[in-house]
Amino acid sequence: MTQTATQNPQQDPAQVQPALDLGGSDGQSATASWRGLWKAFRKSRMGVIGLSIVSVLYFVAIFADCLAPYGFDNETRDLLWAPPTRLHFSDANGSSWRPFIYPTRSYIDSDTFQIKQEQDVTHRCYLRLFVQGDEHLFLGLFKTHLHLFGVDPPPPATPGGDTYYARLYLMGSDLSGRDVFSRICYGSRISMSIGLVGESIGLIIGALVGGISGYYIGAVDNILQRICEIMMLLPGFYLLLMLRFLFPADMSSVAIYFYITVIMAFIGWPGLARVVRGMVLSIRNLDYIHAARAVGQNNFRIIVRHILPNTFGYLIVSVTMGIPGYILGESGLSVLGLGIAEPIPSWGNMLHQAMDITELDQHPWVLWPGLFIFLAVISFNLMGDGLRDALDPKRTKT
Amino acid sequence: MRSYIIRRCIFAVVLVFISTIIAFTFLKLSPGKPGAADINPRVSQAYLDQQQRFYGLNRSPVTQYFSWLGVMRFIGKDTRGGLLQGDLGLSFKYQQPVAQVLKPRLLATLSLNIITMLFTWSVAVPLGIWAAVKQYKLPDKLLSLCSFTGMSLPGFFSALFLLWIFASHYHWLPAGGLVSLDHDTLGFFPRMLDYARHMILPIVVMTFGALASLQRYSRGNMLEVLREQYVTTARAKGLSESRVIYKHALRNAINPLVTMLGFEFAGLFGGAALLENVINYPGMGQLMLEALRAKDQCLVMTTFLLGSIMLNIGNLLAEILLAAVDPRVSYV
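Residues numbered from 1 in each chain as written. Chains lettered and ligands numbered in written order. Predicted model: local features only at pLDDT ≥ 70, side-chain atom pairs only at ≥ 80, totals over all residues.

Turning to the overall build of chain B, a few remarks are in order. Secondary structure summary: chain B contains 14 helices and two strands in total. Once the C-alpha set of chain B is aligned to its principal axes, its extents read approximately 85 × 60 × 35 Å. Counting contacts in chain B only where the partners sit at least 6 residues apart, residues at least 24 apart contribute 69% of the total. (Helix = DSSP H or I, 4+ residues; strand = E, 2+ residues; numbered from the N terminus. Contact = placed C-beta atoms within 7 Å.)

Here it is, written out as structure tokens:
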């Protein structure tokens, strides 16, 4: 059975030559090849588009506190399911260069029992840059109230009259009156980081197991490969669910985040290990490995310092292509209510509110987070595709 | 080859066996009592104890596992049979034999996945060939954009999006599920139509998602074949382009695709699990989540077992098919 992998031409990574020596043993060649990689990558237009979107999303994730006009749990129970706020530039009282919104209140229509909005058109609340708002810990360093943009406060309520709220809901509000746009900003932190954390865990296990397996062929290889096979032949989604149910539903969000990441890495590493093993098999008999052995370096050092760096080109592509799996896995679990728990927002658990389909038409803006999941996934895919082309030896040589 | 297949089958049986042990261990380690979510607080403790005894849950986990497997019956220590005797056990969530609970779910999932597969193959393969023939021209670029979109669009999101438009806004399609409320009162044809109306949306969503990889794979195959020398020869001797492509190249391009069938087979089962839960489709994926929520032991074990078996058969099938179409591959 050991022969299966090596005799299967479609899946045999052993025939894939290590493309660029990115982790070259001396520093100079490493920088040169990084530059070469960037030069080759720049040629793929879609790849560059993917990279730009990913960069924007990471920017949003890092500066979410400032970019979001409200905190993720800032709720206004009187403005449930508010539609996206319209920005006005002019009204009966003339026009203004600065956009403004009207104070709003919501009420339940006594005939249809639908939530309706009513605006106080006599008062303008202007949109302003750099306003004071909810307190947040900027970059985890210092406390500040500063937000990139926000709106003026509403006029004080007249005694006996209705209370009006001036809330800027760029993408509407959700079922407890929280700003969907702000929550998307905060949610990007989870989706954009989970792939990196998960991939690094999976990568360490996968590359090490693959490296050891390919280097020490024989009994060790046999055992490790059998373990990989068992892992790969377990039904993935069912296993994910079973592992999720190992822990109670009411864990803290941070614990759930790490737990989900670890179980996804735990399910995902064997694929990587197999491919790395194949590549190591093709490298281990090259002259420089014999030389390293002759010099008397120990085996672990040879694997980590001399063999694994040579699989680096493949690993970059595989990491980039693997990240969407983590994003989709987390949001899939969260949509089912098994992932990140409220009130911490993730793009997945925000979509959970969309599962009430008969009501969805009343507030379709809760679907916005799905678009962001799609955007993140497609940009990583495009980026991975561009990287693969850039690292393809057939293409770089011509 | 034959001895390889036999060895591989034995290995598959061992693997499935190990996977059931893993599943059972995880299930027993998870917190909560079986069925606790559904227990009425007014039910007396005596009744609960009796239930526990009836389902054999008062025994040690190891005994429970072997009893599920049928070994206990085999050695005469249990009156109820297990897997070895063809008895899948009782589901205490549904208060029915597991086989009875599974049957409609299995049918629902398999029909959804098989129809999707038929659609995917009949659309993706021609599209892939077409894209290869028109490489780097407009159709190829458009198709590659489409397949990137299909690959990246999360099924649960596109399902919710389509449900918003077609079910919630325009009411053209039902909002999830498999049957309407008045399903049982309908005649045969309206009943089939009812099924079809419920299945359109998941099929569209899944086909669009699955299209991408198969389309790109068949495009790659065709491109590889078009680079072969015999295609150049065929062109050089003056054959018309359509004859070169459809007579000479096409067959060799389609051949390797059959290996994908094996993997498709493996996905027949769990492929739609998440989507089923999102659109409330009564299939295996939804059943698994329900069973896990209730810690319904026999139901979880059987579902997991079926998933594991399908995956193993699928992979074996893929290996055999690969050897069948590619003479360079031989197993020893």
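Let's pick the thread back up.
What follows deals with the overall build of chain A. The secondary structure content of chain A amounts to 15 helices and six strands. Its C-alpha atoms give chain A principal-axis dimensions of about 90 × 45 × 40 Å. Sequence-distant contacts, at least 24 apart, represent 70% of the contacts inside chain A between residues at least 6 apart.

Quick look at the sheet that holds strand S6 (residues 142-151) of chain A now. Residues and elements named next belong to chain A. Strand order in the open sheet formed by four strands is S1-S2-S5-S6, and the pairing between neighbours is antiparallel. The open sheet is flanked by strand S1 (88-91) and S6, the only strands paired with a single partner. Sheet twist, expressed as the average angle between the axes of neighbouring strands with direction ignored, equals 30 degrees. Of the pairings in the sheet, the one linking strand S2 (residues 94-101) to strand S5 (residues 125-138) comprises two bridges and is antiparallel in character. Bridging from a neighbouring strand, Ile-101 pairs with Cys-125 of S5. (Pairing = 2+ DSSP bridges. Axes fitted to C-alpha atoms, helices over the stretch in contact; angles between N-to-C directions.)

What follows deals with the nonpolar core. With 159 residues, the main nonpolar core has Leu-241 of chain A together with Ala-159, Leu-160, Leu-275, Val-278 and Met-288 of chain B as its most contacted residues. Looking at this core element by element, the count peaks at 16 residues for helix H8 (residues 253-283) of chain A. For Ala-159 of chain B, the contacting residues outside a window of four places in its chain are Leu-201, Pro-202, Val-205, Leu-275, Val-278 and Ile-279 of chain B. Within the second largest apolar cluster, five residues are counted, among which are Tyr-102, Cys-125, Val-151 and Ala-166 of chain A. (Core = buried A, V, L, I, M, F, W, Y, C linked by C-beta atoms within 7 Å. Buried ≥ 20, exposed ≤ 12 C-beta atoms within 10 Å, placed from the backbone.)

This brings us to helix H2 (residues 45-54) of chain B. Where burial is concerned, little of H2 of chain B is hidden: zero out of the 10 residues are buried. At the C-terminal side of H2 of chain B, Gly-56 of chain B shows a positive phi close to 70 degrees.

With that out of the way, let us pick up the packing of helix H14 (residues 368-391) of chain A against helix H6 (residues 138-152) of chain B. At a minimum axis separation of 9 Å, H14 of chain A and H6 of chain B run at an interaxial angle of 125 degrees. By the angle class used here, H14 of chain A and H6 of chain B are oblique. The element H14 of chain A and its partner H6 of chain B pack so that their crossing is right-handed. Judged by residue contacts, Phe-374, Val-377, Ile-378, Asn-381 and Leu-382 of chain A of H14 of chain A engage Phe-148, Thr-149, Met-151 and Ser-152 of chain B from H6 of chain B. Looking at the contact of H14 of chain A with H6 of chain B residue by residue, the classes come out as six nonpolar, three polar and no charged. (Parallel < 35°, antiparallel > 145°, perpendicular 65-115°, else oblique. Left-handed = near helix turned anticlockwise from the far one by under 90°. Nonpolar A, V, L, I, M, F, W, Y, C, P; charged D, E, K, R; others polar.)

In this section: the environment of Asn-221 of chain B. Residues and elements named next belong to chain B. Relative to the helices and strands, Asn-221 is located in helix H8 (residues 188-226). Along the chain, Asn-221 and Asn-255 lie 34 residues apart, while their C-alpha atoms are 9.2 Å from each other. Non-local contacts of Asn-221, meaning those with residues more than four positions away in its chain, are made with Ala-253, Pro-256 and Leu-257.

Listed by partner, the interface residues are 52 residues for chain B and 41 residues for chain A. When contributions to the side of chain B that touches chain A are tallied by element, the ones reaching two or more residues are helix H1 (2-29), H6, helix H7 (155-169), helix H12 (273-278), helix H13 (284-293) and helix H14 (297-325) of chain B. Broken down by element, the residue count for the side of chain B that touches chain A peaks at 11 residues, all from H1 of chain B. Grouping the amino acids of the side of chain B that touches chain A by side-chain chemistry returns 33 nonpolar, 14 polar and five charged.

This part covers unusual backbone geometry. All names here are of chain A. For the bond running from Glu-342 to Pro-343, omega is 5 degrees, close enough to zero to count as cis. Of note, Pro-343 is situated in the loop between helix H11 (312-335) and helix H12 (347-351). Notably, Phe-130 is not glycine yet its phi reads approximately 50 degrees, a positive angle. Within the secondary structure, Phe-130 is located in strand S5. Phe-130 gets classed as exposed once you count the C-beta atoms within 10 Å, which come to 10.

What follows deals with the environment of Asp-385 of chain A. Residues and elements named next belong to chain A. Relative to the helices and strands, Asp-385 is located in helix H14. Given 20 C-beta atoms within 10 Å, Asp-385 falls into the buried group. Distance in space between the C-alpha atoms of Asp-385 and Gly-50 is 9.5 Å, their sequence separation being 335 residues. Apart from residues lying up to four places away in sequence, Asp-385 is in contact with Met-46 and Gly-47.

Moving on: the pairing of S1 of chain A. Residue and element names in this part refer to chain A. Here S1 pairs with S2 via three bridges, running antiparallel. By the bridge assignment, Ser-90 is partnered in S2 with Ser-95. Hairpin connection, S1 to S2: the antiparallel pair is bridged by two residues.

Within chain B, residue pLDDT values average 86, and 98% of them lie at 70 or more. Predicted complex metrics record ipTM = 0.88 and pTM = 0.88. (pLDDT = per-residue confidence, 0-100.)

Residue and element names in this part refer to chain A. It is at 9 Å that the axes of H11 and H14 come closest, and there the two elements cross at 170 degrees. One element, H11, and the other, H14, form an angle in the roughly antiparallel class. Along this stretch, H11 crosses H14, giving a crossing that reads as left-handed. Packed against H11, whose contacting residues are Gly-313, Ile-316, Val-317, Thr-320, Met-321, Ile-323, Pro-324, Ile-327, Leu-328 and Ser-331, the element H14 presents Ile-373, Ala-376, Val-377, Phe-380, Asn-381, Met-383, Gly-384, Leu-387, Arg-388 and Leu-391 at the interface.

For the rest of this paragraph, the subject is the confidence of the model for chain A. Residue and element names in this part refer to chain A. The predicted model of chain A averages 84 in pLDDT, with 90% of residues at 70 or higher. For chain A, helix H1 (residues 3-7) is the element with the lowest average pLDDT, namely 37, and helix H3 (residues 45-62) is the one with the highest, namely 94. In this model, residues 1-27 is a region of pLDDT below 50 whose contacts with residues beyond four sequence positions or in other chains number 61 contacts.

Mapped onto the secondary structure, Glu-241 of chain B falls in helix H10 (residues 241-254). Remark: the alpha-carbon pair of Glu-241 of chain B and Gly-270 of chain B, spanning 29 residues in sequence, is separated by 42 Å.

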